[in-house]
Amino acid sequence: MKWSVRLGRFFGIDVFLHFTFLLFFAWLGYGAYVKSGHDPVQTMHTVALLTGVFTCVILHEYGHALTARRFGIGTHDITLLPIGGVARLERMPANPRQELLVAIAGPAVNLAIILVIMIWLTLRGQPLIQDHLYVVSGSFLRALMIFNGTMILFNLLPAFPMDGGRVLRSLLAMRMPHARATRIAATIGQGVAVIFVLVGILVPKLYMLIFIALFVWIGASNEAEDAEEDSVLTGLSARDAMMTEFHVLSPDQTVQQTVKLIIKGFQGDFPVVREDGELIGIVSRQDVFRVLENETPGPVSSFMRPDPPHCAPSDALDGVMHTLRDPALTLMPVIDQGRLVGLVTSENVLELLMTRKALSRRQTPLAARPLRA
Ligand SMILES: [Zn+2]
């Protein structure tokens, strides 16, 4: 993500701090300094607690990322924003059971943290609950426990982009088509957003809810839009959207030759095919520019993306589109009996969608249209 500082790389995933988060952190720290009457010890206590809190947020995101990895889905990075953490998964699993596990893994991490703290406090003979629970001035571990509990409750709200929205969608998708499940989940999410706005207006202390409602509303609309797209695609296969006239690269071609093809306007993205006709990789426009900027250009085989995901002509198009939502993947080769027969790109599918929408409008009977005098 832009405007971020890299904190480090753990389990093969980069963790970034967004600059708005750093500002937020500094603002909270300064606030604690002023509130404590310029007491450095009290301020350090608050800063340590904030660090603990944000570590829990990062661990929550790792819960999602590492569970997704078990299903063969990578994570581009994890970024900490003032509103929380974001793990950018390559895609969400299309299988509802897998989506459920990936979504629930985040809150499960928070629950595990609570249990560890409870066991630790019990072993040391300390009370789990005190009469006065102040997040800032109370005991460090008890405050972390309360924070993790809040995080579980908040994340399990049945609304996108919260984990609860995905949990709800995956549970529905086990019983009905994916697109319909998403539409229902998105509608429930927008209902939650409306309730947030009302509560935010009526309860002065909870005005933050209005702000959160905005995120929820946008998250729900985005998901509903994707679902709409999916439902138009239902019943179509990769064969319907693939282009069959395209250029292929051979592994020993040069970057210069690739650039010439791009400039001539053939394509931006190419499949790489060996002499015997076997697909061995893909090259995107971004790959070519990256090589030109940073590396001494070698043959295509040195900078292509090897073993790309591919599909069969009869594969359902909504599934193909699901995979293509990964921003790192720009085209999907279509393979029939070991031979490359076509390419599907997001633009192809978009054109197909527009054509189908135009046709469906045209089919409206003439009599149903208002007549002009
Ligand atoms: Zn989460």
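Residues numbered from 1 in each chain as written. Predicted model: local features only at pLDDT ≥ 70, side-chain atom pairs only at ≥ 80, totals over all residues.

**Concerning the overall build of the protein**
The condition that has to hold: Going along the chain from the N terminus, every DSSP run of H or I of four or more residues is numbered as a helix, and every run of E of two or more is numbered as a strand. Counting other C-beta atoms within 10 Å of a residue's C-beta gives its exposure: the residue is buried at 20 or more, exposed at 12 or fewer, and partly exposed in between, where C-beta atoms are placed from the backbone. Placing a C-beta atom from the backbone of each residue, one calls two residues in contact when those atoms lie within 7 Å.
Each helix and strand in the protein was counted, giving 13 helices and nine strands. Along the longest, intermediate and shortest principal axes, the C-alpha atoms of the protein span 70 × 70 × 40 Å. Counting every position in the protein, which comprises 373 residues, the buried fraction comes to 29%. Long-range contacts, defined here as pairs at least 24 residues apart, represent 59% of the contacts in the protein between residues at least 6 apart.

**Points about the domain arrangement of the protein**
The condition is simple: Domain boundaries shown here were taken from an automatic or database domain assignment.
Taken as a whole, the protein is organised into domain 1 (1–156), domain 2 (161–234) and domain 3 (238–358). Averaged C-alpha coordinates put domain 1 and domain 2 at centres separated by 23 Å. Contact residues are listed per partner, giving 10 residues for domain 1 and 10 residues for domain 2. By residue number, the principal contributor to the side of domain 1 that touches domain 2 is helix α3 (residues 96–123), which donates seven residues.

**Some thoughts on the nonpolar core**
Going by this rule: Nonpolar cores are identified as sets of buried Ala, Val, Leu, Ile, Met, Phe, Trp, Tyr and Cys residues joined via C-beta atoms within 7 Å.
Among the nonpolar cores identified, the biggest contains 34 residues, and Ala159, Val192, Ala193, Phe196, Val216 and Ala220 are the most heavily contacted of them. Mapped onto this core, the elements with two or more residues apiece are β2 (13–18), α2 (40–70), β4 (84–89), α3, α5 (163–173), α6 (178–202) and α7 (208–233). Looking at this core element by element, the count peaks at seven residues for α6. Both domain 1 (1–156) and domain 2 (161–234) contribute no fewer than three residues apiece to this core. Once residues within four sequence positions are removed from consideration, valine 192 is found in contact with Leu157, Pro158, Ala159 and Val216. Ala238, Met242, Ile282 and Leu343 belong to the second largest nonpolar core, which has 24 residues in total.

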